[in-house]
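Spelled out from the first residue to the last, the chains are:
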Amino acid sequence: MKRRNFTAAALAAATFATALPALAQDNTFKIGLILPMTGQQASTGRQIEAAARLYMAQNGDTVAGKKIQLIVKDDTSLPDATRRLAQELVVNDKVNVLAGFGITPSALATAPIATQSKTPLVVMAAATSSITQASPYVVRTSFTLPQVSVALADWAPKNGIKKVVTLVSDYGPGLDAEKFFKERLTFNGGLVTESLRVPMRNPDFAPFLQKVRDLKPDALFVFVPSGAGAAVMKQFLERGMDKAGIKLIGTGDVTDDDQLNDMGDGALGVVTSHHYSAAHPSALNKKFVAAFEKANKGLRPNFMAVGGYDGMRVIYEALRTAKVTGKAMPSGDALLDAMKGQIFESPRGKIFIDAQTRDVVQDVYLRKVEKKDGQLFNVEFDVIKDVKDPGKTK
Ligand code: PHB
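So, here's what we can say about the structure. Because the structure is a prediction, the values reported are computed rather than measured. (Residues numbered from 1 in each chain as written. Predicted model: local features only at pLDDT ≥ 70, side-chain atom pairs only at ≥ 80, totals over all residues. Heavy atoms only, no water.)

Moving on to the overall build of the chain. For the chain, the helix and strand inventory stands at 11 helices and 15 strands. Over its C-alpha atoms the chain spans a radius of gyration of 23 Å, differing by no more than 12% from the 21 Å that the globule rule assigns to 394 residues. Among the 394 residues that make up the chain, the fraction classed as buried is 55%. Counting only contacts in the chain whose residues sit at least 6 apart along the sequence, the fraction spanning at least 24 positions is 68%. Carbon and sulfur atoms form 54% of the exposed surface of the chain, whose accessible area is close to 16,500 Å². (Helix = DSSP H or I, 4+ residues; strand = E, 2+ residues; numbered from the N terminus. Rg over C-alpha atoms; globule rule 2.2 N^0.38 Å. Buried < 20%, exposed > 50% of the residue type's maximum accessible area, 1.4 Å probe, protein only. Contact = heavy atoms within 4.5 Å. Areas by Shrake-Rupley, 256 points an atom, 1.4 Å probe, with all protein chains shown as cover.)

Among the nonpolar cores identified, the biggest contains 92 residues, and Leu98, Phe181, Phe288, Met312 and Ile315 are the most heavily contacted of them. Broken down by element, the residue count for this core peaks at 11 residues, all from helix α10 (residues 303-321). When near neighbours in sequence (up to four residues on either side) are disregarded, Ile315 contacts Phe29, Ile31, Val97, Ala99, Val122, Met124 and Met339. Among the nonpolar cores identified, the runner-up in size contains 24 residues, and Val222, Val232, Met263 and Leu376 belong to it. (Core = buried A, V, L, I, M, F, W, Y, C linked by side-chain atoms within 4.5 Å.)

Around the ligand lies a shell of 15 residues, among which Thr104, Ala127, Tyr171, Ser226 and Asp253 are the nearest. Contacts to the ligand include Tyr171, whose side-chain N or O atom sits 2.7 Å from an oxygen atom. A distance of 2.9 Å is found between an oxygen atom of the ligand and a backbone nitrogen or oxygen belonging to Ser226. Its free accessible area being 290 Å², the ligand has 100% of it covered by the protein chains. Taking a 2 Å distance to the grid points as the criterion, the majority of the atoms of the ligand fall inside the largest cavity. Of the residues that constitute the shell around the ligand, the class distribution is 10 nonpolar, 4 polar and 1 charged. (Near = heavy atom within 4 Å. Polar contact = N/O pair within 3.5 Å; in protein donor to acceptor, adjacent residues only side chain to side chain. 1 Å grid on protein atoms, 1.4 Å probe; cavity = no way out; pocket = protein on both sides within 12 Å on 5 of 7 lines; lining within 4 Å. Sits in = over half its atoms within 2 Å of the grid points. Nonpolar A, V, L, I, M, F, W, Y, C, P; charged D, E, K, R; others polar.)

To continue, consider the side chain of Gln342. Following the sequence through the fold, Gln342 ends up in the loop between α11 (332-339) and β12 (343-346). Each residue touching Gln342, except ones within four places of it in the same chain, is listed here: Arg313, Val314, Glu317, Ala318, Ile351, Phe352 and Ile353.

Here we take up the packing of aromatic side chains. One pass over the full model with this rule turns up 7 aromatic pairs. Every member of this aromatic cluster is reached through a ring pair, and the members are Tyr55, Phe288, Phe292, Tyr309 and Tyr316. Sitting over the ring of Phe377, Arg300 keeps its end group 3.8 Å from the ring centre. (Phe/Tyr/Trp six-rings, centres within 6.5 Å; stacked < 30°, edge-to-face > 60°. Lys NZ or Arg CZ within 6 Å of the ring centre and 35° of its normal.)

If you add up the space inside the largest pocket, you get close to 200 Å³. Looking at the largest pocket, the residues that line it are Ala278, Ala279, His280, Pro281, Asn285, Lys286, Val289, Lys372, Asp373, Gln375 and Phe377. The dominant element in the lining of the largest pocket, judged by the number of residues it contributes, is helix α9 (residues 283-295), at 3 residues. Among the residues making up the lining of the largest pocket, the classes are represented as 5 nonpolar, 3 polar and 3 charged. (Points joined across faces, edges and corners; volume = space filled by probe spheres on them.)

Overall, the coordinates contain 20 salt bridges when judged by the stated rule. Two residues, Glu238 and Lys234, come together in a salt bridge whose shortest N-O distance is 3.1 Å. Here Glu238 pairs with Lys234, and both are found in helix α8 (residues 229-238), just 4 residues apart, close to one helical turn. Neither residue differs from the other here; Glu238 and Lys234 are each classed as exposed. (Salt bridge = Lys/Arg side-chain N within 4 Å of Asp/Glu carboxyl O.)

Within the open sheet, the 6 strands sit side by side as β2-β3-β1-β4-β5-β6. Their pairing is mixed. Whereas interior strands pair on both sides, the edge strands pair on one side only; in this sheet they are β2 (62-63) and β6 (138-140). Judged from the 8 bridges that link them, strand β1 (residues 28-35) and strand β3 (residues 66-74) form a sheet pairing that is parallel. For Thr28, the partnering residue across the bridge sits in β3 and is Lys67. (Pairing = 2+ DSSP bridges.)

Here it is in structure tokens:
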């Protein structure tokens, strides 16, 4: 009798002991955040990680009784690494959500893993239109290049810019920007006289800019990924292209808030279109910028940070509202459902996750670089409300 009791108790204790870590694990909601923390796209990783940590600091790390764990991995912006890290995060760490994705090739390389494992993949940075079509598990909180490019092609001909040369990074987002800017400008009676493409990795802008100088368009339209804008600006000014009467215009990636202040007064007057400016004059944005700068030694948040911050909001809200039985962890499908259709105020303005496309619908602003209190900012002067990705209707 005694002996049996002991065995039963030992068994119960053993079961309890093995059940404990399992229970603890079951209660942890894991977000695998894959970002370029080193290499050419490192500023994107730094901005998004800082924003994700700020969101957690402001909103706590417990949601619907689950403990949130952020697992940050550096993919050095190499798509093979992104895919391998995603695989490990899904199989070994059993993450509930994959997030981040600094560049389009990284997001595209990982999309099949999201589909196979039924894991929501929240794209916080990459911005080629087609990414959301690569997997039904992709949800995007950044933007698309078609979305921001057409606004500038509407503005330009009304402002004396008829002949334009385009210069883009030669991969997904650049090709989207080139195509949608050109189509819309042509529709508006303008003309793209030449379309130039620079390599995505280690670009040398000099020979391309020389060519633009010789072509003498009214304006040069530029898309380069976040982090490369300062180099374009420097070489544009060094060649005296502004003095030769060529205007620099582009998507807001060029006058990136991460670099803008270091570009110098030569950047004054540059007009871009984009979905976020650190100077966006809403109360929520002022609070966001102040908190971000305070937590990051004065670093100014850029549009990448906002994509990360809002991505965390989408994930938190999905966990809060996903349909589950009892205390179970929501499935990937339940999380995905709860991400679709979210509508909320972001530091950039009101945004909406379109339930059909899983892409972000948002206001797009026209902005001009101006000096305020001794600092350079993208100051918004016009807005196009509730812009859906025009790439989706093609
Ligand atoms: C992209 O690779 O999709 C990408 C990267 C940086 C940007 C925009 C798009 O600023």
